[in-house]
Amino acid sequence: MCLSSKACYGLHNSSRALKISKGLVAKAQDSLPHWRAHAYLERLRGRLEDARKVYRTVLSVARADALVLGQLWWDWAEMEWLNGDPDAALQVVLRSTGTDGSGGVVILRAKRELDDIGRSMSGERWKEREAWINLRALLELLTSSPSAALNIFDSVLGKISPGTEVHESLTVAALSMLYAHGSVLRNPLPPGILRERVEYAIR
């Protein structure tokens, strides 16, 4: 039962969107962008297990060079992370590189693999490259520190012309990760680091 007309309207619209999405993926079952949008709708409705089923199924059969592959892996890792399960998020990041297990050697191998994938992305596929950079930064955040994660973003931002769409998008991605880590998930954050990144983003 809805508590307000606004809540009922939102629930009705999300249900309708999900119904439309199911029809679209049924007609285009090989379309990763369609599946990505469908999983995201499940997330918005709080049906995380249904979203996980989409990610697991689609990513188990997707080709290594498929469009939005990195964005699907990032969506899944981000979902687990924001749901307060860093261990699950870490396992998703490792799986995105074809790596399983735990320990320093496994983490190091995954970091190298993500670095290689990020470098191999062409400029035309910058949103896909950004997703892999997000995964690399999240891996650093989960296994090291916020500063180490920011270093990943900064190492790439330093090679991109300021004021471009690519630079702006990656700057916002870095700020969003930092905000989620400190303000949403309530993890310890060095004093002033969020303020400094906000000021940098505004500049």
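Please read all numbers here as calculations on a predicted model, not as lab measurements. For every chain, the first residue of its written sequence is number 1, and the numbers climb from 1 along that sequence. Local features are withheld for residues below a pLDDT of 70 in this predicted model, meaning they are given only at 70 or higher, and side-chain atom pairs are given and counted only at 80 or more; totals for whole chains, interfaces and linings count all residues. The side-chain numbers reported here are obtained from all heavy atoms of the structure, hydrogens and water having been left aside.

**Q** Mind laying out unusual backbone geometry, listing which residues take part and the relevant values?
**A** Of note, valine 68 is a non-glycine position whose phi angle comes to about 55 degrees, a positive value. The secondary structure listing takes helices from DSSP runs of H or I that are at least 4 residues long and strands from runs of E that are at least 2 residues long, numbered from the N terminus. Mapped onto the elements of the fold, valine 68 is located in the loop between α3 (48-61) and α4 (69-82). For arginine 186, which is not glycine, the phi dihedral falls at a positive 60 degrees. Position of arginine 186 relative to the elements: it lies in the loop between α9 (165-184) and α10 (193-202).

**Q** So what's going on with the confidence of the model for the protein? Which residues, and what values?
**A** A score between 0 and 100, pLDDT records how confident the predictor is in each residue. The predicted model of the protein has a mean per-residue pLDDT of 87, with 86% of residues at 70 or higher. Working rule for contacts: check all heavy atoms of both residues, and any pair within 4.5 Å makes them a contact. Every residue in residues 1-12 is under pLDDT 50, and counting partners more than four places away or in other chains gives 4 contacts.

**Q** Tell me what's going on with the nonpolar core, and back it up with residues and numbers.
**A** Residues grouped as a nonpolar core are buried Ala, Val, Leu, Ile, Met, Phe, Trp, Tyr and Cys residues, joined through side-chain atoms within 4.5 Å. Type-normalised accessible area, obtained with a 1.4 Å probe on protein chains alone, sets the label of each residue: buried when under 20%, exposed when over 50%, and partly exposed for intermediate values. In terms of nonpolar packing, the biggest core is built from 51 residues, with Tyr55, Trp73, Trp132, Leu135, Leu138, Phe153 and Met177 touching the most fellow members. Mapped onto this core, the elements with two or more residues apiece are α2 (32-44), α3, α4, α5 (86-96), α6 (104-120), α7 (126-143), α8 (146-157) and α9.

**Q** Quick one: what's the story with α2, residue by residue and with numbers?
**A** One turn of the α-helix equals 3.6 residues, which is why residues spaced by three or four share an orientation. One less than the number of residues in a helix, times 1.5 Å, gives the span that helix is expected to have. For α2, with 13 residues, the first-to-last C-alpha span of 18 Å sits near the 18 Å given by 1.5 Å per residue. Listed as buried for α2 are Leu32, His38, Ala39, Glu42 and Arg43. Here the buried residues of α2 occupy an arc of 145 degrees about the axis, which is enough to place them on one side. Directions are taken from the helix axis to each C-beta atom, and the arc is the one they span.

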